[in-house]
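What follows is the residue order along each chain.
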Amino acid sequence: MGFVSLGCPKALVDSERLITQLRSRGYQIAPGYESADLVIVNTCGFIDAAIDESLQAIGEALQHNGRVLVTGCLGAQPQRILERHPKVLGVTGPHAYERVLEAVNEHLPRPHDPFLDLVPPQGIRLTPKHYAYLKIAEGCNNRCSFCIIPSLRGRLASRPLEEVMREAEALVHAGVRELLVISQDTSAYGSDLRYPAARWRDQSYQTRFIDLARALGSLKVWTRLHYVYPYPHVDAVIELMEERGVLPYLDIPFQHASASVLKRMRRPAHAENTLRRIQSWRAQRPDLTLRSSFIVGFPGETEAEFEELLEWLGEAQLDRVGCFKYSPVEGAAANEMAAPVPEEITEDRYRRFMEKAGAISAERLSRRVGQRCEVLIDTIESGVANSRVAIGRTMGDAPEDRKSGV
Ligand code: SF4
């Protein structure tokens, strides 16, 4: 089988699960198109650039192999794929594992006895051995006006706490030293199930964000929380950072700071006073690293609203920041809400935003020079004159921060 995995860490986890299932059914993963009997392309449909990349990847797989199955976020819009690539063998939506496996079986029947190809209990991972993404829920119950993920991936469906913990424990036994918790809205974990009671290692928990963080923290490896929204109940996680386990790191996609833009974006927790919240977190944990992403050029964004964002950024002093220029994804409610911001203005705002964010980030990072920090070594590379250089990450650097430099 050939496998092309595109998109965010949540899609990566879908790929890992699919490959695990394929391996346990006796399929081998081929290193290239030519040696594969069939290729699966796991697509992304988040923004137009991602959709283009997915369509191009499907075209490339068809050109070099010819037998292609498509799955993932863009698969929720099969007509879009089939219009451009009518020769694909089948299209399924995101996290439709069983349907992908059925399609594989139909086009490439199971090769041999699966007991000859046993997979390790932690499954097949596409990440290095020492860290792993842990997906705690599928889908999302929010309705952010710029996002079509809920229509692609469905409503929030949290995994039972015991199941998440069993997976986390298997990963730790297999050598994972850092768990990266992901979902579309991590702080909403368990709300769809109404927070049922759970038991794990003789301890009682509720199936909710804070209890899951506590249980993961007890594994005594690094637990890094991604896609957390600034709801009041998130305050409690700061206390968990006292003990080694939950890292003093929060990835919070704020997206904007102007109350009127956030309202138009229909962001979760948009009415919260985020600056006050950040200040109180930092007072408790001065070493807290905050990472976030933003959108500039949202329909109707005025210069005054953008200035408000810049001012907020100056006050918030975020450590790591990424920024998207608004892109009108087909089907997003925001496209109809207000006049689009002209491209050159969006470009200019992007530049001004990144200049400011970069300066803040550089200043904050410079404070670490001369400090001794615990690190996880990602790679050992060759340096000058036959020396070897170890590249590590501190608690304040997620793997993606190092790769993207945000
Ligand atoms: S929280 Fe908003 S941006 Fe994130 S997946 Fe849900 S609807 Fe989309």
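Residues numbered from 1 in each chain as written. Predicted model: local features only at pLDDT ≥ 70, side-chain atom pairs only at ≥ 80, totals over all residues. Heavy atoms only, no water.

S.K.: Where do I start with the overall build of the protein in this structure?
M.R.: Helix and strand content of the protein: 13 helices and 16 strands. Whereas a compact globule of 406 residues would reach a radius of gyration of roughly 22 Å, the protein reaches 22 Å, a difference of no more than 12%. With the C-alpha coordinates of the protein rotated into their principal frame, the extents come out at 60 × 60 × 55 Å. For the protein, contacts bridging at least 24 residues in sequence account for 73% of all contacts bridging at least 6. Looking at the protein as shown, the accessible area adds up to about 18400 Å², and 52% of this sits on carbon and sulfur atoms. (Helix = DSSP H or I, 4+ residues; strand = E, 2+ residues; numbered from the N terminus. Rg over C-alpha atoms; globule rule 2.2 N^0.38 Å. Contact = heavy atoms within 4.5 Å. Areas by Shrake-Rupley, 256 points an atom, 1.4 Å probe, with all protein chains shown as cover.)

S.K.: Looking at this model, I keep getting lost on the layout of surface pockets. Mind explaining?
M.R.: The gaps of empty space that remain are located by a probe, the size of a water molecule, rolled over the atoms. Its volume calculated, the largest pocket comes out at about 1100 Å³. Surrounding the largest pocket, 40 residues form its lining, Cys8, Lys10, Phe46, Tyr227 and Phe324 being those nearest its centre. Of the residues contributing to the lining of the largest pocket, the split by class is 21 nonpolar, ten polar and nine charged. In this model, the second largest pocket occupies a volume close to 420 Å³. Taken together, 18 residues make up the lining of the second largest pocket; nearest its centre are Asp287, Leu288, Thr289, Arg368 and Gln371. A breakdown of the residues in the lining of the second largest pocket according to their chemical character gives six nonpolar, four polar and eight charged. (1 Å grid on protein atoms, 1.4 Å probe; cavity = no way out; pocket = protein on both sides within 12 Å on 5 of 7 lines; lining within 4 Å. Points joined across faces, edges and corners; volume = space filled by probe spheres on them. Nonpolar A, V, L, I, M, F, W, Y, C, P; charged D, E, K, R; others polar.)

S.K.: Please explain the site of the ligand as it appears in this structure.
M.R.: Near the ligand the following residues occur: Cys140, Asn142, Cys144, Phe146, Cys147, Ile149, Pro150, Gln184, Tyr229 and Arg267. In this structure the site holding the ligand corresponds to the largest pocket. Class assignment of the residues belonging to the shell around the ligand gives a composition of seven nonpolar, two polar and one charged. (Near = heavy atom within 4 Å. Sits in = over half its atoms within 2 Å of the grid points.)

S.K.: Please explain the nonpolar core as it appears in this structure.
M.R.: If you look at soluble globular proteins, the nonpolar side chains tend to sit buried side by side. In this structure, Val237, Leu250, Leu318 and Phe353 are the most contacted members of the largest nonpolar core, which totals 58 residues. Look past the residues within four positions of Leu250 in its chain and what remains in contact with it is Leu225, Val228, Val234, Val237, Ile238, Met241, Trp281, Leu288, Thr289, Leu290 and Arg291. Among the nonpolar cores identified, the runner-up in size contains 19 residues, and Ala30, Val41, Leu62 and Ile81 belong to it. (Core = buried A, V, L, I, M, F, W, Y, C linked by side-chain atoms within 4.5 Å. Buried < 20%, exposed > 50% of the residue type's maximum accessible area, 1.4 Å probe, protein only.)

S.K.: Is there a simple way to think about the pairing of strand β14 (residues 320–325) in this case?
M.R.: For a regular strand, the rule is simple: side chains alternate between the two faces of the sheet. Across six bridges, the pairing between strand β13 (residues 289–296) and β14 is parallel. In the strand pairing of β14, Arg291 is matched with Arg320. In terms of handedness, the path from β13 via helix α11 (residues 303–316) over to β14 forms a crossover that is right-handed. (Pairing = 2+ DSSP bridges. Right-handed = clockwise from strand over helix to strand, strands pointing away.)

S.K.: Please explain the packing of α11 against helix α12 (residues 343–366) as it appears in this structure.
M.R.: Between two packed helices, what matters for the description is the angle formed by their axes and the separation of those axes. As a packed pair, α11 and α12 sit with axes 10 Å apart at the nearest point and diverge in direction by 10°. It follows from the interaxial angle that α11 and α12 lie roughly parallel. Here Glu303, Phe306, Glu307, Leu309, Leu310, Leu313 and Gly314 of α11 come into contact with α12, specifically with Arg349, Arg352, Phe353, Lys356, Ala357 and Ile360. Taken together, the residues that form the contact of α11 with α12 break down as seven nonpolar, one polar and five charged. (Axes fitted to C-alpha atoms, helices over the stretch in contact; angles between N-to-C directions. Parallel < 35°, antiparallel > 145°, perpendicular 65-115°, else oblique.)

S.K.: Explain the sheet that holds strand β2 (residues 39–43) to me, please; I cannot follow it from the model alone.
M.R.: The strands making up a sheet associate through hydrogen bonds between their backbones, and the pairing can be parallel or antiparallel. Ordered in space as β1-β2-β3-β4, the four strands form an open sheet in which the pairing is parallel. Strands with a single pairing partner mark the edges of an open sheet, and in this sheet they are β1 (2–5) and β4 (90–91). Relative to β2, β1 runs parallel, the two sharing four bridges. Looking at the pairing, Phe3 lines up with Ile40 of β2. Across the face of the sheet, helix α1 (residues 9–24) comes into contact with β1, β2 and β3 (68–72) while running at roughly 165° to β1.

S.K.: Is there a simple way to explain empty space enclosed by the protein in this structure?
M.R.: The tally for this structure, following the rule as stated, stands at three cavities of 30 Å³ or more. Space inside the largest cavity adds up to approximately 100 Å³. Forming the walls of the largest cavity are Phe46, Ile47, Phe146, Gln255, Ile295, Phe324, Lys325, Tyr326 and Ser327. Looking at the lining of the largest cavity residue by residue, the classes come out as six nonpolar, two polar and one charged. Contributing to the lining of the second largest cavity are Asp14, Leu18, Asn42, Thr71, Gly72, Gly93, Pro94, His95, Ala96, Tyr97 and Val100. Of all the secondary-structure elements, those providing two or more residues to the lining of the second largest cavity are α1, β3 and α4 (97–107).

S.K.: How should α11 be read in this particular structure?
M.R.: Taking 1.5 Å of rise per residue, 14 residues should cover 20 Å, and α11 covers 20 Å from first to last C-alpha, within 8% of that figure. Every buried residue of α11 is accounted for by Glu305, Phe306, Leu309, Leu310, Trp312, Leu313 and Ala316. End-on, the buried residues of α11 take up no more than an arc of 160°, which puts them together on one face. Pointing more than 90 degrees away from the buried face of α11 are the exposed residues Ala304 and Glu311. (Expected span 1.5 Å × (residues − 1). Arc of directions from axis to C-beta.)

S.K.: Would you take a moment to explain α1 for this structure?
M.R.: Here α1 is 16 residues long and its end C-alpha atoms lie 22 Å apart, about the 22 Å a rise of 1.5 Å per residue gives. The complete set of buried residues in α1 reads Pro9, Lys10, Ala11, Leu12, Val13, Asp14, Ser15, Glu16, Leu18, Ile19, Thr20 and Leu22.

S.K.: What should I look at first to understand the environment of Leu126 in this one?
M.R.: Counting through the fold element by element, Leu126 comes out in the loop between α4 and β5 (131–135). Considering only alpha carbons, one finds Leu126 and Pro232, 106 residues apart in sequence, at a separation of 35 Å. Those residues in contact with Leu126 that sit more than four places away from it in its chain are Ser5, Leu12, Ser15, Glu16 and Ile19.

S.K.: How do you make sense of the sheet that holds β14 when you look at a structure like this?
M.R.: The sheet built from six strands is open, its strands ordered β5-β8-β11-β12-β13-β14 with parallel pairing. Because the sheet does not close on itself, it has two edges, and the strands there are β5 and β14. If you compare each strand with its neighbour and ignore which way they point, the axes differ by 20° on average. Judged from the two bridges that link them, strand β11 (residues 222–225) and strand β12 (residues 246–251) form a sheet pairing that is parallel. If you follow Leu225 over to β12, its bridge partner there is Leu250. Running at roughly 95° to β5, α1 makes contact with β5 and β8 (178–182) of the sheet.

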